[in-house]
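Below, each chain spelled out in residue letters.
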Amino acid sequence: MDGYKEDAQALGQHPFTFSRQVVAICVYPELIHHPALPEDAKERARRILQHCNGGSVGSYSDSKGNSYIRSSVAKYIEQRDGGISSNPDKVYVMGGATEIISNVLKVFTSDRGTDQAGALVPVPHYPMYSHVAALNNMVRVDYYLHEDSRWSLQVEELRTALYKSRKYCKPKLLCIINPGNPTGQILSPQCIEDAIRFAEEEHLAILADEVFQSAVHKPNCEFYSVKKVLHGMGPKYYNNIELISVNSISKSYMAETGMRGGYMELLNIDPNAEECWYEMLSAHSCATLAAQITLDVISDPPQPGDLSYDTFEQEKMTVLMAMSENAKLTEETLNTLTGIQCLPIEATNYAYPRIELPEKAVTCAKSQSIEPDVFYCKKLMSETGISLLMPGSLFGQKEGTYHYRMTIPPGKEMLKIMLTKIKDFHQKFLQDYS
């Protein structure tokens, strides 16, 4: 049970049929004549190949991505946000969210004056942010999400973090991760609006990491993009706030982690900064066409009346229903364990419970020069073989609190076995160290 790399397909989730068919036909066009493949998959492949240089996915696309696919992404954004326009020329298709965010930080540290640039990043956050900030000479300015109000973003905390950081860096960027990783929460429109007002007051650009936007599974929960909320605040904000929005095929319901693809959409970005981005992209060629094709299918899935619509919708609902049911089972099971509190999981395939560790365990961990939650997770892995838990200290947490992020596998039977092992281990751990 190795979920360290959050790979749903490695844990048993099946690839989507239509996506695989379109990619297969594009890679080997002779399949267009195969009678077993549906006509809508063939037609999609024809349209994509018509927009590929030389009619082949083995050729380079524009550094920003295939023009046809960027148009599909722009149409998806417009539909997602209720008709707010999206310009395909402001959409950049790249090799996944990590590459995108790294390039964003490079631009914000390249020519913004002599002071070292800083980025406000939520805590907890995925460790990638720490790594790419360090690699790009960007100061990471931590602001803490409010756990007791379901990991909400609070302006008072943003302001405190910003003012303290101005002693040693020049903050340029506010990072918002929604839905949250590792927390699995969805920010309310009011939370997002408060953050936008703060960014406007403090002259910060916004980096909206929204890679889990299509992995919302809790009933009556809805994802609102930063762009949609920004538009609703009127021209003062919508025409002036610099916004970079990021999405990924890895974290969608398709979970195409190995394809390595994603996009960013730019709004109100300085032309010099945009030119810098394009130059950097040109140096790295383009995202693979297989990834771009997969992004096209996610952005423009089969529609009612298409031959593949019923199969696609059934596969999608199966994934989202399993995510919802498994999240509920995980949440309920963890909350029965002494000293563990798991908040509602609204999106993603993660649980992020808070855990109270016995003082004896804390002392033992410190004697080994490791964090107490690392000690707990290492013990669990050695005794159960489960490596689906990552200690909260990797994501950042308030001093004196302990957490772990648990990757929830797609298969219910695997999950039940895993939860039983975690429950038995936890009870034994408390007995051994109480």
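Preceding this section is the structure that the text describes.
Scoring rules and cut-offs
Residues numbered from 1 in each chain as written. Predicted model: local features only at pLDDT ≥ 70, side-chain atom pairs only at ≥ 80, totals over all residues. Heavy atoms only, no water. Helix = DSSP H or I, 4+ residues; strand = E, 2+ residues; numbered from the N terminus. Rg over C-alpha atoms; globule rule 2.2 N^0.38 Å. Buried < 20%, exposed > 50% of the residue type's maximum accessible area, 1.4 Å probe, protein only. Contact = heavy atoms within 4.5 Å. Pairing = 2+ DSSP bridges. Axes fitted to C-alpha atoms, helices over the stretch in contact; angles between N-to-C directions. Right-handed = clockwise from strand over helix to strand, strands pointing away. Phe/Tyr/Trp six-rings, centres within 6.5 Å; stacked < 30°, edge-to-face > 60°. Lys NZ or Arg CZ within 6 Å of the ring centre and 35° of its normal. Expected span 1.5 Å × (residues − 1). Arc of directions from axis to C-beta. Parallel < 35°, antiparallel > 145°, perpendicular 65-115°, else oblique. Left-handed = near helix turned anticlockwise from the far one by under 90°. Nonpolar A, V, L, I, M, F, W, Y, C, P; charged D, E, K, R; others polar.

*Asks:* Looking at this structure, I do not really get the overall build of the protein. What am I missing?
*Replies:* Counting its regular elements, the protein contains 15 helices and 12 strands. Since a compact globule built from 434 residues should have a radius of gyration of about 22 Å, the 22 Å found for the protein is in line with a globular shape. Seen through its principal axes, the protein has C-alpha atoms that stretch 65 × 55 × 35 Å. Taking all 434 residues of the protein together, 57% fall into the buried category. In the protein, once contacts between residues fewer than 6 apart in sequence are set aside, the share between residues at least 24 apart is 70%.

*Asks:* Where do I start with the sheet that holds strand β11 (residues 389-391) in this structure?
*Replies:* Pairing is antiparallel in the open sheet, where three strands are placed in the order β9-β12-β11. The open sheet is flanked by β9 (350-351) and β11, the only strands paired with a single partner. Across the sheet, helix α15 (residues 412-433) lies against β11 and β12 (404-407), angled at about 150 degrees from β12, the strand it touches most.

*Asks:* What's the story with the pairing of strand β5 (residues 205-209) in this structure? I'm lost.
*Replies:* The two faces of the sheet receive side chains in turn, since in a regular strand these alternate between them. With five of five residues buried, β5 lies mostly within the body of the structure. Residue alternation in β5 divides its side chains into two sets, A205, L207 and D209 and I206 and A208, and both sets are buried. Bridge analysis of strand β4 (residues 170-177) against β5 gives five bridges, and the strand direction is parallel. Bridge pairing in β5 links I176 to A208. One crossover worth recording links β4 to the parallel β5 by way of helix α7 (residues 189-202), and it is right-handed. Inspection of the sheet shows β5 paired to strand β6 (residues 243-248) by four bridges, in the parallel sense. Bridge pairing links A208 to S245 in β6.

*Asks:* Can you walk me through the sheet that holds strand β1 (residues 91-94) in this structure?
*Replies:* Within a sheet, neighbouring strands are paired by backbone hydrogen bonds and run either parallel or antiparallel to one another. One open sheet accounts for seven strands, arranged β1-β7-β6-β5-β4-β2-β3; its pairing is mixed. Pairing within the sheet leaves two strands with one partner each, and these edge strands are β1 and β3 (139-144). Put simply, the sheet's adjacent strands are angled 25 degrees from each other on average, direction ignored. Note: β1 against strand β7 (residues 262-267), four bridges, orientation antiparallel. Following the sheet pairing, Y92 is matched in β7 by M264.

*Asks:* In this structure, what is going on with the packing of aromatic side chains? I would like to understand it.
*Replies:* Two descriptors summarise a pair of aromatic rings, namely the distance from one centre to the other and the angle between the planes of the rings. Counted according to the given criterion, the structure contains 13 aromatic pairs. Where Y376 meets F425, the ring centres are 5.3 Å apart and the plane angle is 75 degrees; that geometry is what we call edge-to-face. Here Y376 is found in helix α14 (residues 372-384), whereas its partner F425 is found in helix α15, with 49 residues between them in sequence. For the pair Y376 and F425, a shared accessibility class is recorded, and that class is buried. Here the aromatic cluster, defined as three or more aromatic residues joined through ring pairs, consists of F375, Y376, Y404, F425, F429 and Y433. Above the plane of the ring of Y92 lies K64, whose end atom (NZ or CZ) is 4.9 Å from the centre.

*Asks:* Is there a simple way to explain helix α3 (residues 67-80) in this structure?
*Replies:* For an α-helix, 3.6 residues make a turn, and residues three or four places apart therefore share a direction. Across its 14 residues, α3 extends 20 Å between first and last C-alpha, which sits within 8% of the 20 Å expected from 1.5 Å per residue. Within α3, the full set of buried residues consists of Y68, I69, R70, S72, V73, A74, Y76, I77 and R80. In the segment just after α3, G82 is the residue with positive phi, at about 75 degrees.

*Asks:* Can you help me understand the side chain of T401 in this one?
*Replies:* The topology assignment puts T401 in the loop between β11 and β12. With relative accessibility at 11%, the residue T401 sits in the buried group.

*Asks:* Could you clarify how one ought to interpret α7 in this entry?
*Replies:* Across its 14 residues, α7 extends 20 Å between first and last C-alpha, which sits within 8% of the 20 Å expected from 1.5 Å per residue. Buried residues of α7: C191, I192, A195, I196, F198, A199 and E202, and no others. Seen from one end, α7 has its buried residues packed into an arc of 160 degrees, which puts them on one side. In this structure, the buried residues of α7 make contact with β2 (117-123), α6 (155-165), β4, β5, α8 (226-232) and α9 (235-238). Just beyond α7, the residue with positive phi is H203, at close to 60 degrees.

*Asks:* Can you walk me through unusual backbone geometry in this structure?
*Replies:* In most cases, non-glycine residues show a negative phi, while peptide bonds are predominantly trans. A cis amide bond links N178 to the next residue, P179, at an omega of -5 degrees. Locating P179 in the fold gives a position in the loop between β4 and α7. The residue after N181, namely P182, is reached through a cis peptide bond having omega 25 degrees. On the secondary structure map, P182 appears in the loop between β4 and α7. Not every positive phi belongs to a glycine, and R150 is a case in point at roughly 60 degrees.

*Asks:* Even after reading the chapter, I still don't get the packing of α14 against α15, so can you show me in this structure?
*Replies:* To describe two helices that pack against each other, one gives the angle between their axes and the distance between the axes. Look at α14 against α15: their axes get within 11 Å of each other, and the N-to-C directions meet at 120 degrees. With respect to their mutual orientation, α14 and α15 come out oblique. Where α14 crosses over α15, the two elements pack in a sense that is right-handed. Judged by residue contacts, F375, Y376, K379, L380, E383 and T384 of α14 engage K421, I422, F425, H426, K428, F429 and Y433 from α15. Looking at the contact of α14 with α15 residue by residue, the class counts come to seven nonpolar, two polar and four charged.

Geometry only, nothing functional implied.
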